[in-house]
Every structure is written in structure tokens, then in C-alpha cells.
Amino acid sequence: MTTVALTPGQLAAAGPRFAGWHHRHLIDVDVLTWPEIELIMRTTDEMKGILARPIRKVPALNGRRVTTLFYEASTRTRVSFETAARNLSADVVSISTATSSVTKGESLVDTIRTLEALGAEILVMRHSVSGAPYLAAEVFGGHVLNGGDGWHAHPTQALLDLYTMRENVPGGDLRGRKVAIVGDILHSRVARSNIWSLTAAGADLWLCGPATLLRGMDRWATAWSGGAVPGHGRFNVTTDIEAALRDADVVMGLRIQRERMQGGLLPSMREYAARFQLNAKRLSLAKPGAIVMHPGPMNEGVEIAPDVAISGRSVITDQVANGVAVRMALLYLLAGAHEAGPGEPAR
Amino acid sequence: MSVSEGTRPDAALGPMVGEVVARFELEKAWLVDPVSGREGPGEIVVMDGVLESVVWLAGDEAAGVTDRGVVVAPGFFDLHAHFREPGFEDAETVATGSAAAAHGGFTTVAIMPNTQPALDEPGVLARIHSASKASGSPVEVLAYGAVSAGRAGEQLSAMGELADAGVIGYSDDGSPVRTAKLLRSALLYAGMLGLPVVDHAEDTELTGGAEAHEGYVASVMGLAGWPVAAEVNAVSRDLAVLADALRDEPRARLHLTHISTAAALDLVRWAKAAGLPVTCDVTPHHLCLTDEWIPGSRRWSWEALAANGTARDPWVDGALTAWPYDTSLRVNPPLRTATDAAACLAALLDGTADAVATDHAPHTVVDKEVEFGRAANGISGIETALGVLLALVDAGRLPLARAIAALTTGPASVLAGWPATAGTSAARPRGLTEGSPADLVVFDLGESWMVTPESLRSKGKNSPLIGRELPGRVLLTIAGGRLAYEDPQSGTSNSNAAE
Amino acid sequence: MTDRQIMTGDEIRRAIVRISHEIVEKQAGTQGLALVGIQRRGVPLAQRVADAIEEHEGVRLPVGALDITFYRDDLSLVAQQPIVKGTDLPFDLNGTTLVLVDDVLYTGRTIRAAMDALIDFGRPRAIRLAVLIDRGHRELPIRADHVGKNVPTSREEIVHVRVVEVDGEDEVTIARQVRTPETAVAGN
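Cut-off values and rules
Residues numbered from 1 in each chain as written. Chains lettered and ligands numbered in written order. Predicted model: local features only at pLDDT ≥ 70, side-chain atom pairs only at ≥ 80, totals over all residues. Heavy atoms only, no water. Contact = heavy atoms within 4.5 Å. Buried area = accessible area lost by both parts, 1.4 Å probe. Salt bridge = Lys/Arg side-chain N within 4 Å of Asp/Glu carboxyl O. Polar contact = N/O pair within 3.5 Å; in protein donor to acceptor, adjacent residues only side chain to side chain. Helix = DSSP H or I, 4+ residues; strand = E, 2+ residues; numbered from the N terminus. Nonpolar A, V, L, I, M, F, W, Y, C, P; charged D, E, K, R; others polar. Pairing = 2+ DSSP bridges. Axes fitted to C-alpha atoms, helices over the stretch in contact; angles between N-to-C directions. Buried < 20%, exposed > 50% of the residue type's maximum accessible area, 1.4 Å probe, protein only. Domains from an automatic or database assignment. Core = buried A, V, L, I, M, F, W, Y, C linked by side-chain atoms within 4.5 Å. Expected span 1.5 Å × (residues − 1). Arc of directions from axis to C-beta. Phe/Tyr/Trp six-rings, centres within 6.5 Å; stacked < 30°, edge-to-face > 60°. Lys NZ or Arg CZ within 6 Å of the ring centre and 35° of its normal.

(A) Inspection of the interface of chain A and chain B at higher detail. Across the contact, 31 residues belong to chain A and 24 residues belong to chain B. Approximately 2300 Å² of surface area, both sides summed, lies buried where chain A meets chain B, with 63% of it carried by carbon and sulfur atoms. At the boundary of chain A with chain B, the tally comes to three salt bridges. A salt bridge links Arg215 of chain A to Glu214 of chain B, with the shortest nitrogen-to-oxygen separation between them at 3.2 Å. Counting the contacts that link chain A with chain B gives nine residue pairs in polar contact (both at pLDDT 80 or more). Every element with two or more residues in the side of chain A that touches chain B is listed here: helix H4 (108–117), helix H5 (132–139), helix H7 (189–200) and helix H8 (217–223) of chain A. Ranked by residue count, the leading element in the side of chain A that touches chain B is H5 of chain A, at five residues. Partitioned by chemical class, the residues of the side of chain A that touches chain B number 18 nonpolar, seven polar and six charged.

(B) Examining the sheet that holds strand E8 (residues 171–176) of chain C more closely. All names here are of chain C. With antiparallel pairing, three strands are arranged side by side in an open sheet as E1-E8-E7. Two strands lie at the open edges of the sheet, namely strand E1 (2–7) and strand E7 (157–162), each paired on one side alone. Neighbouring strand axes in the sheet, compared pairwise and without regard to direction, differ in orientation by 30° on average. Pairing of E1 with E8, which is carried by five bridges, proceeds in the antiparallel orientation. Bridging from a neighbouring strand, Gln5 pairs with Thr173 of E8. Each of E1, E7 and E8 touches helix H1 (residues 9–27); the most contacted strand, E1, lies at about 40° to it.

(C) Main features of the environment of Thr179 of chain B. All names here are of chain B. Tracing the backbone shows Thr179 in the loop between helix H3 (159–165) and helix H4 (180–192). We classify Thr179 as partly exposed; its relative accessible area is 29%. Sequence-wise, Thr179 and Arg237 are 58 residues apart; in three dimensions their C-alpha atoms are separated by 9.4 Å.

(D) Representation of the domain arrangement of chain B within the structure. All names here are of chain B. What the domain assignment lists for chain B is domain 1 (11–72 + 435–498) and domain 2 (74–427). On a C-alpha basis, the centres of domain 1 and domain 2 stand 26 Å from each other. Across the boundary between the two partners, domain 1 contributes 40 residues, which contact 49 residues of domain 2. For the pair domain 1 and domain 2, the summed buried area comes to about 3400 Å², and 66% of that belongs to carbon and sulfur atoms. Linking domain 1 with domain 2 are one salt bridge. The salt bridge involving Arg68 is made with Asp394; its shortest N-O contact spans 2.7 Å. For the pair domain 1 and domain 2, the number of links is 16 residue pairs in polar contact (both at pLDDT 80 or more). Here the side of domain 1 that touches domain 2 gets seven residues from one element, more than from any other, and that element is strand E15 (residues 469–479). Of the residues belonging to the side of domain 1 that touches domain 2, the class tally is 23 nonpolar, eight polar and nine charged.

(E) The nonpolar core, seen in detail. Core analysis: the largest hydrophobic core is formed by 225 residues, its most contacted members being Leu159 and Leu331 of chain A, Leu287, Trp300, Leu400 and Phe443 of chain B together with Leu66 of chain C. Sorting elements by how many residues they give to this core places helix H14 (residues 316–335) of chain A first, with 11 residues. Beyond its immediate sequence surroundings of up to four residues, Trp300 of chain B is in contact with Cys288, Leu289, Trp293, Val388, Ala391, Leu465, Arg468 and Leu470 of chain B. Judged by nonpolar contacts, the second largest core, of 29 residues, contains Ile16, Leu45, Val101 and Leu132 of chain C.

(F) Structural context of the arrangement of the chains. Counting contacts across all two pairs of chains that touch, the top pair turns out to be chains A and C. Without any contact between them, chain B and chain C keep their closest C-alpha atoms 23 Å apart.

(G) Representation of the sheet that holds strand E3 (residues 122–127) of chain A within the structure. Residue and element names in this part refer to chain A. Ordered by their spatial adjacency, four strands build an open sheet running E2-E1-E3-E4, and the pairing between neighbours is parallel. Every other strand in the sheet has two partners, leaving strand E2 (91–96) and strand E4 (143–149) as the edge strands with one partner each. Adjacent strand axes in the sheet meet at a mean angle of 15°, parallel and antiparallel pairs treated alike. Of the pairings in the sheet, the one linking strand E1 (residues 65–70) to E3 comprises five bridges and is parallel in character. Note that in E3 the partner of Val66 across the bridge is Ile122.

(H) How the structure looks around helix H2 (residues 122–135) of chain B. All names here are of chain B. Taking 1.5 Å of rise per residue, 14 residues should cover 20 Å, and H2 covers 20 Å from first to last C-alpha, within 8% of that figure. Within the sequence span of H2, burial applies to Val124, Leu125, Ile128, Ala131 and Ser132. Along the long axis of H2, the arc covered by the buried residues comes to 120°, so they all point the same way. Exposed side chains of H2 directed beyond 90 degrees from the buried face belong to Lys133 and Ala134. Close packing links the buried residues of H2 with helix H1 (94–103), strand E6 (106–111), strand E7 (140–143) and H3. The N-capping residue of H2, defined by a side-chain oxygen 2.8 Å from the backbone nitrogen of Gly123, is Glu121. Gly136 occupies a position one or two residues after H2 and carries a positive phi of about 80°.

(I) Structural detail: H5 of chain A. All names here are of chain A. Burial analysis of H5 places seven of its eight residues in the buried class, the great majority of the element. Listing the buried residues of H5 in full gives Ala132, Pro133, Tyr134, Leu135, Ala136, Ala137 and Val139. For H5, the secondary structure elements touched by its buried residues are H4, E3 and E4.

(J) Spatial organisation of the environment of Val268 of chain B. Residue and element names in this part refer to chain B. The residue Val268 is located in helix H8 (residues 262–273) in this model. When its relative accessible area of 0% is taken as the criterion, Val268 is described as buried. For the pair formed by Val268 and Val139, sequence separation is 129 residues and the distance between their alpha carbons is 31 Å.

(K) Spatial organisation of the environment of Gly18 of chain B. Residues and elements named next belong to chain B. As for its position among the elements, Gly18 is in the segment before strand E1 (23–33). For Gly18 and Val217, which are 199 residues apart along the polypeptide, the C-alpha to C-alpha distance reads 46 Å. Once residues lying within four places of it in the same chain are set aside, the contact partners of Gly18 are Gly136, Pro138, Arg482 and Leu483.

(L) Structural context of the pairing of strand E2 (residues 38–47) of chain B. All names here are of chain B. In terms of strand pairing, E1 meets E2 through nine bridges, oriented antiparallel. Directly across from Asp33, in E2, lies its bridge partner Arg38. Taking the residues between adjacent antiparallel strands as the criterion, E1 and E2 are bridged by four residues, where Gly37 takes a positive phi near 75°. Taken together, the six bridges between E2 and strand E3 (residues 50–56) define a ladder with antiparallel strand orientation. When the bridges of E3 are listed, Val46 appears paired with Leu51.

(M) Quick look at the packing of aromatic side chains. This structure, assessed with the given rule, holds 15 aromatic pairs over all chains. Judged by centre distance (5.6 Å) and plane angle (90°), the rings of Trp220 of chain A and Trp224 of chain A are edge-to-face. For the pair shown, Trp220 of chain A and Trp224 of chain A are each scored as buried. Aromatic side chains Tyr272 of chain A and Phe276 of chain A sit 5.4 Å apart centroid to centroid with 25° between the ring planes, which places their arrangement in the stacked category. Placement of the pair is Tyr272 of chain A and Phe276 of chain A together in helix H11 (residues 269–276), with a separation of four residues, close to one helical turn. As far as the burial class goes, Tyr272 of chain A and Phe276 of chain A line up, both buried. Put simply, the rings of Trp196, Trp220, Trp224 and Phe235 of chain A together with Tyr216 and Trp315 of chain B touch in pairs and so form one group of aromatic residues. We note Arg468 of chain B situated over the ring of Trp300 of chain B; from NZ or CZ to the ring centre the distance is 4.2 Å. Seen from the ring of Tyr106 of chain C, Arg135 of chain C lies directly overhead, with NZ or CZ sitting 3.8 Å from the centre.

Here you go:
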């Protein structure tokens, strides 16, 4: 049984009974303060405890209605959210574009208004256009939880990544720990959300990939090179895979999609694998205890070697399990966040 | 202020839009005459639609009159607007577009041919002219014809017939002239007719799927980048083709509209210095707004500019106050950086940019209340153009007289440079000239106004300035001697100041 | 609001010792017994009961901590989610006699939630309830097996239990909410 015994000091630090969570929606991790991220991590600990029980279900969201609205096919993420919601006893309605009137040309705004009229309280949304959940949140009276939008953000993935890293890094503290994310950074919402959360955690973050798939990221890195954004620090962007992996504590691969070849961004998958694949030889550059992560779904043999994906270093299945716990934590926290009062942030 | 002694029996209500202004006197206002280059305290009298007298005051008579109060300027001329008729009347009509123009102080508007059907033959122009006449608005509607038939980028439109029907130039705006080859033909043929090609300079190969200016903001927001190179590439293509065409047809003319990047403006600056007959305009939104509005900043471009000329970081500055991904910010070309906005201003000040044109692009809610990446491009801007330029004036970045010139003599001089329009009334100098038909705007720099959907006469409520106060409420617009717009409140609230 | 002390630290200590004797007496020994404190102040109180039993019986009973947050029936009514403080049940519940320990018994809703939670962890032989204060006003058919002190209260009163482990001192006070005209209006 996973348990958490908080010391009196930690209990006191947790603050008053009703303090802690002020966000009505969670669309990206960029709005989270470090104490709020810590609160999510602590609540996730509790959810992991529930998942270890004989009965993996609590009545916390009994009778609350969670709707998953997926404009992009993603069975794994949708199942993770829906499992999380059911573990909290919520009623789950699942909508995907293939079965909805979206295919008949209904606009996002109309769809959201219809779902609200049908009683949706928490809307978990996946969309292929960056920023779409902000539009949803503008018209939706309940809570929006972003399940990934375009290239922009994937906050639950970043938080489960952070949780998994903390579990595996000695002391659970990422400050000064080197994290390398390798792959198609340009098109990756996972990378973007991880930039916010990992720089907040104080990690030494390196983004690596072919120049065509890093486009624009150097401008972001340059803007933050002074570490000036409150709560966030500098990070590195490089095409040098060896520099990225050398002495890394955490190595994360990102999916390479075949469409990138048609777009003229990559010569071939073979060439990508030859230069950037996470294989045993390259990983020998990382620290001996380094862990390997991947948000899935994996192209084994392209961005990651099959033996690495199933090696003892791989925590990829931990990521999947932690994903349910993190999503339970966020559903729970959001369900209690009411309309922001005067002076409170709307986001 | 009120316009008195209307021609209808119930003159107490004042004249209606479209009626000749029988008599209008304004004492002690700040007059700006960009033709003579003079500005200062003065008085004007309009009688039977004619600007009867312009009196410049001095000494005691001028006491207390400043450039911070009621200002009189010549009516504005917009080189670039979309009135959507025929085909997209849900978004705008000639009537609503004209009303919006008058509310913005504009008395002449040149509209783009990307209608449905496209303005590629005289029949469409006739429809527009009849709609303008039917609207009753005295705002003069000029039009560009399409460069290519159906704006398809394949064959030339009915250019000669369009010229005979009165178009002032040719453009495939909304899109660039598709190929260099087609552009060369268009420049030659239009040049023969004494008219320009007005190009929307964009390399669409580089901008396919693009959502926002390629840079820091787009990277953070996960938006597909719209590279500077796309504009630079198109401008250099256009200039090279123009130089080539001029060898065969010396009357070939090129106007580059809504130039938005520092690099492209440098190219225009170079081309002008080399003597190429090219002109260009910049928009109010590229002067004053930046891409940092997409994540939620609402500060003016000059407030986002660091001392070293680079763009400040809105995240570092904690400048993000508005909800992100507002689709009213989606525009083509995209909002750029503070550095580019400063380059647009510098170009306006050094004459590289000949005019400010609004690229007024109204859209329906249906086309804008969608995901950012799927929203139609365009800002409904003809009513806010003066206000944002006056914000530049208020900030001390742009002299008032230069702002007025950019909206009057600037566009007029562009038309004066085209052989077929030179000497026509459209290319008239646009000053405060005694004895000419009254064509002027009166606005109060001492009074700001709130941009709201209701305050906009345009059907297009797609303005990122909604909810913002802008300086310089327009009190009165007279076009060609006839009433175009009168502020509903000015009859009472400004009676003391004006009469 | 005025605070009146109703138990001193010493009185709390004696109440704990008495409860510890009662628990052992009722079970006729310590065999099969386990203690579960309800977060937050029930947890240190359960530890103290275990300490007392160890002192007079020489046996250390297993002690767990139970957070009932996810089982509350008023989650949709509160302005913000309560912060979860952690559940730790380091023993097998099946077949044990569990003694729930909490600071104050009032409506009974917390105990209802606690029993729901415990049953999700296993099938105890019996569940008993020990509280430091029983202040009445039950809304559910629940009663305590062991009570440190019965305190008749009105609903307008608030009972504060302070323990050294959380609050830095041991005492129980009672306070009456003073209704100012403003709060009276707000209450309507």
C-alpha cells in the first residue's frame, strides 16, 4: 500500500483547510505556481494510494458529470481520463468526433453549449488546434481540463512526467538534474508544457532534435536565457544529441510522425534513427541511473530502440499508471474550484 | 456643436446623412491642413456644402485653443478596405461599410475586389456603385479590380473594361498575385492603362498553415510560424518584376499594401531610393499592436519596445491581462513584434510608407468565433484607425499633423503617382481649401470613446480593441459637402465648445 | 466570539487514559485491536491512546491515519476542495476490531464517511468509536463507544480541540459565534 505520512510541519505548511487551489480551468501549466504544482503532486500521492487499494474507487465526485470531448483520436489518453473520472465515482460521457455532430460541421462553440445544456460539469478536451480549450472555457460554465491542444499544451502529461521524475530521482528534487527531451520539439505540446513545469522545478532542461524540428525554440530559449520569467529558469536547445544526453538524469523521447517526411522536414525515418534514436549506446552517455521516458505512443525502432523501451531504465509504464493518478488529482481539484472571485485570477 | 438649418422641414432634428450641409460654423478649433502644412487655431464656415471660409486665428483670438481639443482635418482617404458586397453581406455591405468609414472620419474609401463574384468585370463594379448610391452615404467608394479572372491567379481579368468603368487599380488582395509571370503581365497591361498593381505581398509557400508571426510568441503559444521571409520574399519578387516591366512599360506602377516587417520596409526604402515607382502603406494595427496580444498582452507596440529596440517579454513583464488566442487578432499579415511596429512607424516618418491604410476586414461571428487556427483573417479597423494613430500621437511618437497627413495627403499622393488617376478628383490634394466642396472631419482629442460592438457601425465586430478607450471621438464627418456622420451626443455635449 | 476553556491539558490526558482502559476492557484484552485516527487531530489522539495502552498493557497496538476527504458528502457544497492529508493504514484490516479515534463527535457525518472509507480497505470484525468530545446534535444514527467528555452545546457554538502535535498546546475551548447585525443580515 502506498501511503503518505505527513509530518506536523508539512501539515502546517499545507495551510488552512480550504486554501490551495484557485483555478477553475486547467489549460496549461504556465499559470501554476510552484506551491500549486506541489499541491497537485501531494494530491496525486493520495490518488496513487487509492489505486493501490483493493477497491480502487472513492466517492469524491459521486454524481458529478465528466465529459471527454476528443477532436483527435487518442484512445490511451481518453481511457486514462475516463478511468480517473470513474475512480472518483464521476459519471462519464465520452464524445469523439467520429460519433458526434462535429462531423456534420457543428462549431466547437455550439458543441460546448450543447454539452453544457446536457449537464456536463467538467469537460476534458483534446483538440488539434492550439488554443481551442481557451475558446471552450470562454463559453463553458463548468471546468475545462485540457487533454492536449495542437502544438500548444498538454498539462496532464507534463504533470505526470514531473511526478514520475520525482519518484525516480533520489530525494524527489529535480533542482540541477539534467533532463533531455529528444525528438520533434516543434510540433510537441508535451515539450512545451514540460518547458514550463521543468523550468519551474529547477531542472537543467535540454531540448534536442533535428534543426527542422526545433524551429523557433531557440528564440524561446534565448528569451529565457536570463532566467527572467518569474518562477522559471533557462533551458537549452541543441541539435547535438551527445551534448543533450551527456550526464543526463532523465531522457525523454518524443514521437516522430511520418508526416514530417512529407512536409520536407526529415529525409527519412532511417536517417532520424541513425542520428537521434535513443539507443543503448547513446544512453551510455547519460548518468548510470538515468531513467528513460516517452509520452507514447512509441515508434519503436525510430525514436527509441526496442530494448531501451523495455529496459530496467524505462519508466514508461510508470508514466501510464501515474497518468491516471495525476488526472484523478486534477479532476478532484478542479471539481471544487468555483467561479473566481474578485481579485482572483480567472485562469 | 450641431449642424443647423437643414434642408428638411423638421430642421430641428438636424440634417440626415447624405443631405447637403446648409450651414456649419466652427469657432476656435485646432485646424490641420496637411496640404499647406499649416496647423493652429482657426475657424471654419461651411455654406451649402462648400467650405466657405478658413480663418487662422492669432493673438488673443487664439487664446486657449490647443491641439488637445476639437480638431478639424480634411476627410480621410482609406487606400485599402473590404466592404464584402456582393457575396458576403452578412459581414458588411457597401452601406454599413460607408457608415463605418464615416464614423472613422473617412470620406473616401478604396475597396478590394475579393467579393463573390470577384470584381473582375464591370458588372460587379456597377452593382457596388448602385449600392453606394442607394445607401445615401456621401462617402466616396472607389474600387480596385481583380488582377486575375476570379482571383484565381491564372488569367488576367477584364482589365481594360474595368479601367473604362472606373477602377483605380488592380489587386488580388486576400491573396498575392500568384506568380511572378502573372505579375509581370499585370504590371505591363495595367501600366498601359495608367493604373497600378496593388499587391498583398506574401509567399504562400512559406505561410501554408501559418497562424502567427514566427518568433518567440508563436513558439510559446504552439502556433505555426508565419516567417518574415514570406513577406520579404514576395516584396523582393515584386520589386524585381517591377524593374523588369518598367523597361517595356514606363507607366507600370506597383503599390505594396499592408507591409508589416522591418526587412520588407528596408527593401521598399532601397527601391524608392533607386527610383522605382513603388509606393506602400502600413496599417494602424501593424503600427500599434503586436503578436504579444495573442497570449493576452494589451499594451501598445511602443510600450512593448525595449530601449535597445528589441521587443520586451510580456511574460517577464507580467503584461498578460486578457484571455489568450483572441481570434480578432488573427490577421494577414500577422501582428508582428514591437521591433517591426517601430519600423512601420519609422517608415511612415521617413516617407518610405506613403500612407496608413486600414485593411478594414469585417467578418461575421461565425467566421471568428472558432478555434484560433481556423478563424478568418482580418480586423474590422476603419472606425478605430484614427483612435490608434492618436494613441501614437498621445504617446509623443507621431506628430498630429503627420498622423493626419498619413490619412489624407499621403493616400492622395499615391493616386497622384498613377498616370490614370493623377489629376482626377480622387487624387485631389485633400487640404482645407476655401471654395472647394466641404470634405472634412471634426474630432475631439479631449474626449475618448469606448470601443464596443454597439459603437461600431460596421457589421464586423472583430476588433481586438473592443473594451478599450481610444482618444479622439469623431464628432462630425462631411463628405463632398454632405453630412456623412454626426456624433449622436455632440449636439448637446459639445455645444459650448463648438458654437 | 468568546472562548471558554472546558478541558485543560491535564484533563485531556486523564480522559485519554480512561478511554484506553475502556477500550481494553471492552475487548477483554488487546488481541485483534487496532486504532485509526481521523485526520487531522484524531491522528495524534489515536497515538496517545496507543501510548497509554502500551503503558498499562505492555502491548503496542497498530495505529493508522485515515483521511476521509474523498468520502465527504458535502464536496459539492464547499467553496474549494479540502486539502488531502493522507491515509496510512499499515496493517491488514480484515478481522480486526478497529477503534476510530476523533476529536469531536457532532453531526456524525465524518464518522459515516470514515466507515465508508474503512470498508473500502477491507472487512474489519467490528468498528468502534472513541472521541474526546461529544457535543450532541447528531444528524445520523451514530453514537460513540468511548467519550472523553460530554459537552452540551448549541448549534451556534464552536468547539475547538487543540493538541500539542498540531497546535502547540493541549486544551479544549468552546466559543459562541457572536451575531453582529451584519452577519445576521448576511445569514439571511
